[in-house]
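Each chain, written out:
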Amino acid sequence: MLHSMSLLAHLRRLLPQLGPVSRAEQLRASVGALVGIALTGLVTHLVLGADASVPLLVAPMGASAVLLFAVPSGPLSQPWSILGGNVSAALIGITCRMWISDPLIAMSVAVCLAVATMFLLRCLHPPGGAVAVTTVLSGPAVDALGYGFAIVPVGLNSLLLLLVAIAFNNLTGHRYPHLPTRQPASRHATTDKPPRDQSASPWTICGPCCASRTR
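Residues numbered from 1 in each chain as written. Predicted model: local features only at pLDDT ≥ 70, side-chain atom pairs only at ≥ 80, totals over all residues. Heavy atoms only, no water.

Undergrad: Help me out: how do you make sense of the overall build of the chain in this one?
TA: Summing up its helical and strand segments, the chain has 10 helices and zero strands in all. In the chain, the succession of α and β elements from N to C terminus is α-α-α-α-α-α-α-α-α-α. Among the 215 residues that make up the chain, the fraction classed as buried is 33%. Partitioning the intrachain contacts of the chain with sequence separation of at least 6 by distance along the chain shows that 74% fall at a separation of at least 24. A total of about 13500 Å² of accessible surface is found on the chain, and carbon and sulfur atoms cover 68% of it. (Helix = DSSP H or I, 4+ residues; strand = E, 2+ residues; numbered from the N terminus. Buried < 20%, exposed > 50% of the residue type's maximum accessible area, 1.4 Å probe, protein only. Contact = heavy atoms within 4.5 Å. Areas by Shrake-Rupley, 256 points an atom, 1.4 Å probe, with all protein chains shown as cover.)

What follows is the structure, given as structure tokens:
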């Protein structure tokens, strides 16, 4: 019995500290994902037509929706992250599909190069790894369109989802895109960082993980 309780306590420590999220915020993010995916698929359908040979939605858009609507202030959720990350990963996945015959090796290399490229271009977006795998596995659609697959549907899906996120987040009280605040210039012409405002809450400075340590 004691061993089981100890094991449960240890497993609870593995749960991420996401901080307090109100029910209203959870509902807002969930509805945003619903609206985002629905409108993205609908507009893509209108643009491509009913007889389109490409998928209306690529699966990684679901992961992008989680970031854009649940954590819109995160650096991985910003416009350049979703557009640059998804499109660059698609281009790499298409290239690997063309030049590497073994699908497993092609997927592995595609994800590796996609991560490296997103770091280089400063557009790290986790769903980009899934985009790289998806393009390798998309079969005839990629073979028929070639690099055009990175524009439609991947680029089009990403752009539409981004536009919905901009409108929805701002209409529901969340500033998006979330631009980093500029640090005030030093009055003494030095390179030292300005002193931190001690009145700021520990949540603002450190985030939920270290808020408990500062109290």
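Undergrad: Where do I start with helix α2 (residues 23-48) in this structure?
TA: The periodicity of an α-helix, 3.6 residues per turn, causes residues three or four positions apart to be oriented the same way. Taking 1.5 Å as the rise per residue, α2 with 26 residues should run 38 Å; its terminal C-alpha atoms sit 37 Å apart, in good agreement. Taken as a whole, α2 has its buried residues at Glu25, Arg28, Ala29, Gly32, Gly36, Thr40, Gly41 and Thr44. If you follow the buried residues of α2, they end up packed against α3 (60-70) and α8 (151-171). The positive-phi residue at the C-terminal boundary of α2 is Gly49, with phi of around 90 degrees. (Expected span 1.5 Å × (residues − 1).)

Undergrad: What should I look at first to understand the confidence of the model for the chain in this one?
TA: It should be kept in mind that the predicted coordinates are not to be read in detail where pLDDT is low. When pLDDT is averaged along the chain, the result is 86, and 82% of the positions lie at 70 or above. Low pLDDT, under 50, characterises residues 197-215; the predicted model gives this stretch 16 contacts beyond four residues in sequence or across chains. (pLDDT = per-residue confidence, 0-100.)

Undergrad: Explanation requested: the environment of Arg28 in the structure shown.
TA: Looking at where Arg28 falls in the secondary structure, it is placed in helix α2. Classification of Arg28 by relative accessible area gives buried; the value is 9%. Expressed as a C-alpha distance, the spacing of Arg28 and Asn169, which sit 141 residues apart in the sequence, is 9.0 Å.

Undergrad: Just checking my understanding: could you explain the packing of aromatic side chains for this structure?
TA: Each aromatic ring pair is described using two quantities: the centre-to-centre distance and the angle formed by the ring planes. Tallied over the full model, the rule gives one aromatic pair. Residues Phe69 and Phe168 carry aromatic rings whose centres are separated by 5.8 Å and whose planes lie at 75 degrees to one another, so their mutual orientation is edge-to-face. With a gap of 99 residues between them, Phe69 in helix α3 and Phe168 in helix α8 connect regions that are remote in the sequence. No difference in accessibility class separates Phe69 from Phe168, as the two residues are buried. (Phe/Tyr/Trp six-rings, centres within 6.5 Å; stacked < 30°, edge-to-face > 60°.)

Undergrad: What's the story with the nonpolar core in this structure? I'm lost.
TA: A general tendency of soluble globular proteins is for nonpolar side chains to be buried together. Ranked by size, the top nonpolar core spans 32 residues in total, and within it Leu68, Phe69, Ala110, Ala114, Phe149, Val154 and Leu161 carry the most contacts. Of all the elements in the fold, those that place two or more residues in this core are α3, α4 (79-99), α5 (103-121), α6 (127-137), α7 (140-145) and α8. Non-local contacts of Val154, meaning those with residues more than four positions away in its chain, are made with Val58, Met61, Asn86, Val87, Ala90, Val131 and Phe149. (Core = buried A, V, L, I, M, F, W, Y, C linked by side-chain atoms within 4.5 Å.)

Undergrad: Honestly, the packing of α3 against α8 in this entry has me stumped. Any pointers?
TA: One can describe the packing of α3 onto α8 by two numbers: an axis separation of 10 Å at closest approach and a directional angle of 25 degrees. In terms of orientation, α3 lies roughly parallel with respect to α8. The handedness of the crossing between α3 and α8 comes out as right-handed. Contact with α3, carried on its side by Met61, Ser64, Ala65, Leu68 and Phe69, involves Val154, Asn157, Ser158, Leu161, Leu162, Val164, Ala165, Phe168 and Asn169 of α8 and no other residues of that element. Each residue belonging to the contact of α3 with α8 can be placed in one class, and the counts come to 10 nonpolar, four polar and no charged. (Axes fitted to C-alpha atoms, helices over the stretch in contact; angles between N-to-C directions. Parallel < 35°, antiparallel > 145°, perpendicular 65-115°, else oblique. Left-handed = near helix turned anticlockwise from the far one by under 90°. Nonpolar A, V, L, I, M, F, W, Y, C, P; charged D, E, K, R; others polar.)

Undergrad: So what exactly am I meant to see when it comes to the packing of α2 against α8 here?
TA: Angle between the axes and distance between the axes are the two parameters that describe a pair of packed helices. For the pair α2 and α8, interaxial distance at closest approach is 9 Å and the crossing angle is 135 degrees. Of the possible angle classes, the one that applies to α2 and α8 is oblique. α2 and α8 meet at a crossing whose hand is right-handed. Of α8, the residues touching α2 (which contributes Arg28, Val31, Gly32, Val35, Gly36, Ile37, Leu39, Thr40, Val43, Thr44, Val47 and Leu48) are Val152, Leu156, Asn157, Leu160, Leu161, Val164, Phe168 and Asn169. Looking at the contact of α2 with α8 residue by residue, the classes come out as 13 nonpolar, six polar and one charged.

Undergrad: Teacher, can you tell me more about unusual backbone geometry here?
TA: In most cases, non-glycine residues show a negative phi, while peptide bonds are predominantly trans. In the segment running from Val152 into Pro153, the intervening peptide bond is cis, with an omega of 15 degrees. Here Pro153 lies in helix α8. With omega at 5 degrees, the peptide bond leading from Tyr176 into Pro177 counts as cis. With respect to the secondary-structure elements, Pro177 resides in the loop between α8 and α9 (202-206).

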